[in-house]
Amino acid sequence: MKLAYISLAALLAASLPLAAQEFDRSSQMGPNPNLPEPNSYLIPPMKTAKPVGWQNGEMPKVPDGFKIEALAKDLKHPRNLYVLPNGDVLVVESDGPGFEKVKRPKAIVMQIVMSGVGAEGPKPANRISIIHDGRASVFLEGLFSPFGVVLVGNDLYVANTDSIMRYQYHDGDLKITDPGTKLTDLPGGPIDHHWTKSLTASPDGTKLYAGVGSNSNITENGIGAELDRAQIWEIDRATGAHRPYATGLRNPNGLTFYPGSQTLYTVVNERDELGPNLVPDYMTSVKDGAFYGWPWSYYGQHVDPRVMPQNPDMVAKAVAPDYALSSHVAPLGLAFNIGTQFPDKYKGGAFIGEHGSWDRDEFNGYQVGFVAFADGKPTGKVEPFVTGFIDDKDQSHGRPVGVAFDKDGALLIADDQGNTVWKVTAAK
Amino acid sequence: MTQAIVEETYVVTPAVEEEIGPSQSGVSFYLASMLFGATLVCFAGALLADYTYLGDPDIAWSNFSTWLLAFGEFFIALVVLFGIIGYFVYRDFPRSASNWLYGLFVLAAAITGLFDNFIHTHDGWTSVAGTGITLSAATLVLLLIGGLFKLATLSQTYVVDAR
């Protein structure tokens, strides 16, 4: 009976309107984010933007001293970018495999909530296009929800959602007809909740690193579905053998070695439905063998009450990530600025494609954020760099995903809802 | 023969309202009873699934519970809806205190059941432990009490026509 009283009191408290004071989002940017108490709402606060596309020359906004233009338009759901050594740009046009079946009534409701925020226009193509001399053409077809791409020598690796494929690429190739060779399987269906497999190679080119996201928000598909997931895999390029390089990373994307270092960086989408300001997504250097908490805890030893049985041994091992980006921004792309085109302030800094929130009553993300680096470490707060993806009428024109720097040091942004690749240059 | 039953009814429960509208047919009454039975089965099943989940936190049990709660809520919404329609349509609709109490408890169960559905949309352990299973139990108890008041109402007002 006491349990009932406590529970009902909690229920009432949870259904009261939010406290009037604004939450300072910047308090969740940096190495020691402010973490409020977890909340379980009767209905979690949600807000999604109506996609309207870019009309009549509308464009995202950039800071003074920069210029933005469309590098390629009318693509089919461009998700990720990879710049080849000769300056040609690969555009991964992709979407999830759609394996996830309705397992409980909530899934039906979530489908309705999310149905309004998909891409405008054409169906995703499961292919890679190449932008050469300002013109896009089909580069590689027949892929299966591809996301990550990396070139090592003449070996071009593409991470489908369920495998890493290797293709022969030679400088100047504009089309690949090679059927490809499978290097290794990756965890794909039957659920494949987080399906984007980010990919990069070690600086010496002997190893590949693949981000394998979890199969659920917080193990609601059963812990058995999480085998080999929520990890960054290290894959031997010669044999295809793999080992978990780091674990407990709910949905790691944007795998990139910090230029000139042996340090792997990733941006991670943290868990939902603990409140609008919990848990902050993050960017972190990835320590070999480290466990980052998911599912049992977040930001080190903050135990998630939703996971039963608990795992105190693993929680004791959990390390906190380096740098919080604030909650539910959905970082999916990461690129470091090594070029000389942008002003000095941006040198060596991180540019992060923040796809944007749904699990909040106010939008967060929907921008390319900038985090300055000093001595090889992130510093200061996240600065909005490319904005204007959402407007004050709660409409979204586009959503940024993958980011990359081209050969001339311009920033490229894949906009999967606006079906555009944007190019940001420093105005002379 | 139907007329005879209706007269019998009004002898026991004097109607205050005007005697207008049709009397409830046996088919209608039986269908309404089935809806209440379906509601009862769903919420009882949900409570059992919740209880099992606490002992064995396998996601299958909480999934069972969410579906049973969803269908339970659907059926109880129909019970409430048809109850309201019956009140306005049937001239032999029982208007005794016990039937009002039945309606009150069913309505309360519909509300706790709705909250329970929302709590069960959460992911993982806290969708069941604590508030979730408490609401499942509360809903079932309210339904059972409501059912007893219905039986009390029927024992006062309805005559079974054996023919």
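Residues numbered from 1 in each chain as written. Chains lettered and ligands numbered in written order. Predicted model: local features only at pLDDT ≥ 70, side-chain atom pairs only at ≥ 80, totals over all residues. Heavy atoms only, no water.

Caption draft 1: The arrangement of the packing of aromatic side chains in detail. One pass over the full model with this rule turns up 37 aromatic pairs over all chains. Summarising the aromatic geometry, the rings of Tyr 209 of chain A and Phe 257 of chain A are spaced 5.4 Å apart at their centres and angled 65° between planes, so their arrangement reads as edge-to-face. Separated by 48 residues along the polypeptide, Tyr 209 of chain A in strand E13 (residues 207-212) and Phe 257 of chain A in strand E16 (residues 252-257) bring together distant segments of the chain. Like Tyr 209 of chain A, the residue Phe 257 of chain A is buried in the burial classification. Centre to centre, the rings of Tyr 265 of chain A and Phe 373 of chain A are 5.6 Å apart; their planes meet at 65°, and the pair counts as edge-to-face. One end of the pair, Tyr 265 of chain A, is in strand E17 (residues 264-268); the other, Phe 373 of chain A, is in strand E24 (residues 367-374), with 108 residues separating them in the sequence. No difference in accessibility class separates Tyr 265 of chain A from Phe 373 of chain A, as the two residues are buried. Connected via pairs of aromatic rings, a cluster forms that spans Phe 66, Phe 342, Tyr 346, Phe 351, Phe 370, Phe 385 and Phe 405 of chain A. The ring of Tyr 102 of chain B carries the charged tip of Lys 150 of chain B above its face, separated from the ring centre by 4.4 Å. (Phe/Tyr/Trp six-rings, centres within 6.5 Å; stacked < 30°, edge-to-face > 60°. Helix = DSSP H or I, 4+ residues; strand = E, 2+ residues; numbered from the N terminus. Buried < 20%, exposed > 50% of the residue type's maximum accessible area, 1.4 Å probe, protein only. Lys NZ or Arg CZ within 6 Å of the ring centre and 35° of its normal.)

Caption draft 2: Looking closely at the pairing of strand E25 (residues 377-386) of chain A. Residue and element names in this part refer to chain A. Sheet analysis places E24 next to E25, joined by 6 bridges and oriented antiparallel. Bridge pairing in E25 places Ala 372 opposite Thr 379. Where E24 folds back onto E25 in an antiparallel hairpin, the turn is made up of 2 residues, including Asp 375, whose phi is positive at roughly 55°. (Pairing = 2+ DSSP bridges.)

Caption draft 3: Broad picture of the pattern of salt bridges. Residues and elements named next belong to chain A. Across all of its chains, the model carries 21 salt bridges over all chains by this definition. Arg 229 is the salt-bridge partner of Asp 192, the closest N and O atoms lying 2.7 Å from each other. Here Asp 192, found in the loop between strand E11 (181-185) and strand E12 (199-201), pairs with Arg 229, found in the loop between E13 and strand E14 (231-236); they are 37 residues apart in sequence, far enough to count as distant. Between Glu 234 and Arg 243 there is a salt bridge, and its shortest N-O distance comes to 2.8 Å. In this structure Glu 234 comes out as buried when scored by relative accessible area, which is 10%. (Salt bridge = Lys/Arg side-chain N within 4 Å of Asp/Glu carboxyl O.)

Caption draft 4: Geometry of helix H3 (residues 59-89) of chain B. All names here are of chain B. An ideal rise of 1.5 Å per residue puts 45 Å on 31 residues; H3 measures up with 45 Å between its terminal C-alpha atoms. Along H3, the residues classified as buried are Ile 59, Ser 62, Asn 63, Ser 65, Thr 66, Leu 69, Gly 72, Glu 73, Ile 76, Val 79, Val 80 and Gly 86. Put simply, Asp 58 is the residue that caps the front of H3, since its side-chain oxygen is 2.9 Å from the backbone nitrogen of Ala 60. (Expected span 1.5 Å × (residues − 1). Polar contact = N/O pair within 3.5 Å; in protein donor to acceptor, adjacent residues only side chain to side chain.)

Caption draft 5: Representation of the nonpolar core within the structure. Residue and element names in this part refer to chain A. Membership of the largest hydrophobic core comes to 31 residues, with the highest contact counts inside it found for Leu 90, Ile 128, Phe 139, Leu 156, Ile 164 and Leu 208. Setting aside its immediate chain neighbours within four residues, Ile 164 contacts Tyr 157, Val 158, Ala 159, Thr 181, Lys 182, Leu 183, Thr 184, Leu 186, Leu 199, Leu 208, Ala 210 and Ile 235. Residues Ile 68, Phe 405, Ile 413 and Trp 422 belong to the second largest nonpolar core, which totals 22 residues. (Core = buried A, V, L, I, M, F, W, Y, C linked by side-chain atoms within 4.5 Å. Contact = heavy atoms within 4.5 Å.)

Caption draft 6: Structural view of the sheet that holds strand E21 (residues 323-327) of chain A. If you walk across this open sheet you meet the 5 strands as E1-E21-E18-E17-E16 (chain A), and the pairing is antiparallel. With one partner strand each, in any of the chains shown, strand E1 (29-30) and E16 of chain A form the two edges of the open sheet.

Caption draft 7: Up close: the packing of helix H2 (residues 26-55) of chain B against H3 of chain B. Residues and elements named next belong to chain B. Running from N to C, H2 and H3 point in directions that differ by 155°, and their axes come no closer than 8 Å. By the criterion of interaxial angle, the relationship of H2 to H3 is roughly antiparallel. Where H2 crosses over H3, the handedness of that crossing is left-handed. Taken together, the residues of the contact of H2 with H3 sort by class into 19 nonpolar, 6 polar and 2 charged. (Axes fitted to C-alpha atoms, helices over the stretch in contact; angles between N-to-C directions. Parallel < 35°, antiparallel > 145°, perpendicular 65-115°, else oblique. Left-handed = near helix turned anticlockwise from the far one by under 90°. Nonpolar A, V, L, I, M, F, W, Y, C, P; charged D, E, K, R; others polar.)

Caption draft 8: Spotlight on a nonpolar patch on the surface. The grouping of Leu 81, Phe 82, Ile 84, Ile 85, Phe 88 and Val 89 of chain B at the surface amounts to a nonpolar patch, some 580 Å² of accessible area in total. Assignment of secondary structure puts Val 89 of chain B in helix H3. (Patch = residues over 30% accessible without salt bridge, like charges linked within 9 Å, V, L, I, M, F, W, Y side chains within 5 Å. Areas by Shrake-Rupley, 256 points an atom, 1.4 Å probe, with all protein chains shown as cover.)

Caption draft 9: Spotlight on the interface of chain A and chain B. At the junction of the two partners, chain A supplies 27 residues and chain B supplies 20 residues. Both sides of the chain A and chain B interface together cover about 2000 Å² of buried area, and 67% of this is carbon and sulfur. Among the residues chain A hides against chain B, the three largest losses belong to Leu 42, Arg 104 and Met 308 of chain A. Together they make up 26% of the total. Linking chain A with chain B are 2 salt bridges, by the criterion used here. In this assembly, chain A and chain B are joined by 8 residue pairs in polar contact (both at pLDDT 80 or more). Among the secondary structure elements, those contributing two or more residues to the side of chain A that touches chain B are helix H1 (2-15) and helix H2 (105-115) of chain A. (Buried area = accessible area lost by both parts, 1.4 Å probe.)

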